[in-house]
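Given next are the chains, with one letter for each unit.
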Amino acid sequence: MALKAFIVEDQPQIRDSLVEALAELGKIEAVGFAADEKSATAWLSDPANQWDIAIVDLVLVPGGGSGFGVLQALRNRPVTRKMIVLTGTANPQVRRHCEEMGADGVFDKAMETEAMLDYCVALARASGGH
């Protein structure tokens, strides 16, 4: 079975390219997405929804809120569910703050998207394809 990924991203073109990239890697299926904090938190917190990894942008302009709120709301998630941040604002302070809020990884959109995808592939392999 594929690793189930949920994407929190407000820019449709970035979200679509992430869905496509994850699908091309195999063993990772995008099961949903949200463009704002409230929708993301509601979906990720719902026990009926199955997910293994959430890819979270910090700046969620149109719908409001932020990825920090999503991280905060899901701090006490099961350890098997990973949350990684993919943001354009990954300076050292932001990275530290995300890690303090429970992020399993923080990646810069401009320079580390490939590293984030590699992280996802490694998770899929470690789970035995889940």
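Residues numbered from 1 in each chain as written. Predicted model: local features only at pLDDT ≥ 70, side-chain atom pairs only at ≥ 80, totals over all residues. Heavy atoms only, no water.

Across the 6 residues of strand E1 (residues 3-8), 6 count as buried, placing the element largely inside the fold. Going residue by residue along E1, you find Leu3, Ala5 and Ile7 tucked away on one face and Lys4, Phe6 and Val8 tucked away on the opposite face as well. Relative to strand E2 (residues 28-34), E1 runs parallel, the two sharing 6 bridges. Counted as the bridge partner of Ile7 is Phe33 from E2. (Buried < 20%, exposed > 50% of the residue type's maximum accessible area, 1.4 Å probe, protein only. Helix = DSSP H or I, 4+ residues; strand = E, 2+ residues; numbered from the N terminus. Pairing = 2+ DSSP bridges.)

With that settled, the discussion passes to the side chain of Asp36. Within the secondary structure, Asp36 sits in the loop between E2 and helix H2 (37-45). Buried within the structure, Asp36 lacks any salt-bridge partner; Lys38 is the closest side chain of opposite charge, at an N-O distance of 7.4 Å. Within polar-contact distance, the side chain of Asp36 engages the backbone nitrogen of Lys38 at 3.2 Å. A polar contact of 2.8 Å, which involves the side chain of Asp36, links it to the backbone nitrogen of Ser39. (Lys, Arg positive; Asp, Glu negative; His and termini not counted. Salt bridge = Lys/Arg side-chain N within 4 Å of Asp/Glu carboxyl O. Polar contact = N/O pair within 3.5 Å; in protein donor to acceptor, adjacent residues only side chain to side chain.)

Let's shift gears to the environment of Leu117. In this structure, Leu117 sits in helix H5 (residues 113-126). Sequence separation between Leu117 and Ile28 is 89 residues, and the spatial gap between their C-alpha atoms is 10.0 Å. Excluding residues within four positions of it along the chain, Leu117 makes contact with Ala21, Leu22 and Leu25. (Contact = heavy atoms within 4.5 Å.)

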